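# Summary of the model geometry
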Amino acid sequence: QAAAPLHPVAVQCQEAQVVVTVHRDLFGTGRLVRAAELTLGSAACLPVAQGAAESTVTFVAGLHECGSTLQMTAESLIYKTSLSYKPTPSGNLVIVRTNPAVVPIECHYPRKSNVSSNAVWPTWAPFHSTLSAEEKLRFSLRLMNDDWSAERLSNSFQLGESLHLQADVASGNHVPLRLFVDECVATLSPDRNSSPQYALVDLSGCLVDGRSDDTTSAFISPRPRQETLQFMVDAFKFAGDDRNLIYITCHLKVSPADQAPNPLNKACSFNKASSLWAPVEGTGDICSCCETGNCPLYG
């Protein structure tokens, strides 16, 4: 079959060789894998070509090449190999956003009669990551469903999905308050100072995860109300670690709602279309320190 998101690996078993065509949208999430992360067989053979618009990657190997194995039955000769996908961190040495995968491939040749082919489609289960939400004092950080209408019932995600996070503060009898997310860090243990760790929000309100080339992470603008701040983060896992529980710890703060946002109190996202940082409210200059890294920090 033609390589497509629903069938991302196509195999042609020819007389003396096998041709494997891989759609770069390997998981059907819209996130394209890199050709350099794909190899064929135990010998890790490299691809020979990339297709139109580089959306496909093609391997061509002799039936005995690339470490393939031969199984002989009374009726068939079966050549077995596998396609391997091993993601490497891109632009950041701490996290990856896809799982490694191995796709078994077999070519069946009748010992008598015509040549036929049979491809074994991938059967891996997508990796699930989870988020821990904790409530403290009057502040809350909750995982919301896709339309923000209610709290999400499940804290499990597939890579390729987005986390919808909502921070709130109950103002009570206080003067009107505006909520900010000062920083958020992801870790593999409840200790926010543990290693490895990955900063999602940093520099007093800069959503630094959105600066990476392969993410759409951003604050939601406008706010539904001053005491609420919503933001989306693309699901991820830590590179080189198979644990599927990730802790996200955020520092929330408030300022008087009538106080203009400033470099210390801000919510800034990176706009890839303009290559500029933009605030949820306030003037654009309050976000300039997100690029330079010299923002004033909360004590």
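Residues numbered from 1 in each chain as written. Predicted model: local features only at pLDDT ≥ 70, side-chain atom pairs only at ≥ 80, totals over all residues. Heavy atoms only, no water.

The name that an unreviewed UniProt entry assigns to the protein chain is Zona pellucida sperm-binding protein 3, with the source organism given as Herpetotheres cachinnans.

## Describing the overall build of the protein chain
How we decide: Per the convention used, a helix needs a DSSP run of H or I reaching at least four residues, while a strand needs a run of E reaching at least two, with both numbered from the N terminus. Burial here depends on accessible area, computed with a 1.4 Å probe over protein chains only, as a share of the maximum for the residue type. Under 20% is buried, over 50% is exposed, and the range in between is partly exposed. Every residue pair with non-hydrogen atoms within 4.5 Å of one another is taken to be in contact. Method for areas: the Shrake-Rupley scheme with a 1.4 Å probe, in which residue coverage is limited to the protein chains shown.
Within the protein chain, the secondary structure is distributed over one helix and 22 strands. The proportion of buried residues among the 299 residues of the protein chain is 43%. For the protein chain, the proportion of contacts with a sequence separation of at least 24, taken over those separated by at least 6, is 62%. Summing over all exposed atoms, the protein chain offers an accessible surface of approximately 15300 Å²; the carbon and sulfur share of this is 52%.

## Looking at the nonpolar core
Quick note on the threshold: Residues grouped as a nonpolar core are buried Ala, Val, Leu, Ile, Met, Phe, Trp, Tyr and Cys residues, joined through side-chain atoms within 4.5 Å.
Judged by nonpolar contacts, the single largest core of 31 residues is most densely connected at Val181, Cys184, Phe219, Phe231, Phe236, Phe238 and Ile248. Residue assignment for this core shows that the elements contributing at least two residues are strand E12 (139-144), strand E14 (162-169), strand E15 (177-187), strand E16 (197-201), strand E18 (228-234) and strand E20 (245-256). Val9, Val22, Leu63 and Cys107 belong to the second-largest nonpolar core, a separate cluster that totals 23 residues.

## A look at the side chain of aspartate 234
Stated formally: Each polar contact in these results corresponds to two N or O atoms within 3.5 Å; when the atoms are within protein, one needs to be able to donate a hydrogen and the other to accept it, and residues that are neighboring in sequence are counted only if both atoms are side-chain atoms.
Here aspartate 234 shows up in strand E18. Looking at aspartate 234, its side chain comes within polar contact range of the side chain of serine 162, at 3.2 Å. Ignoring any residue separated from it by four or fewer positions in sequence, one finds aspartate 234 in contact with Arg31, Arg97, Glu161, Ser162, Leu163, Asp209, Asp214, Thr215, Thr216 and Ser217.

## Describing the state of the cysteines
Simply put, disulfide is the name for a covalent bond between the sulfur atoms of two cysteines. What counts is decided by this rule: We call a pair of cysteine sulfur atoms a disulfide whenever their separation is within 2.5 Å.
This structure, assessed with the given rule, holds six disulfides. Here cysteine 13 pairs with cysteine 107 through a disulfide, and the sulfurs are 2.0 Å apart. On the sign convention where negative means left-handed, the S-S torsion of about -85° between cysteine 13 and cysteine 107 marks this disulfide as left-handed. Taken as a pair, cysteine 13 in strand E1 (residues 9-13) and cysteine 107 in strand E9 (residues 101-110) lie far apart in primary sequence, 94 residues in all. With respect to burial, cysteine 13 and cysteine 107 carry one shared label: buried. Covalent S-S linkage joins cysteine 289 and cysteine 295, the inter-sulfur distance amounting to 2.0 Å. Linking cysteine 289 and cysteine 295, the disulfide has an S-S dihedral of approximately 100° and is accordingly described as right-handed.

## Quick notes on the pairing of E15
In plain terms, the rule: Two strands qualify as a pair provided DSSP detects at least 2 bridges between them.
Most of E15 sits out of view: ten of its eleven residues are buried. Sheet analysis places E15 next to E20, joined by ten bridges and oriented antiparallel. Of the residues in E20, the one forming a bridge with phenylalanine 180 is lysine 253.

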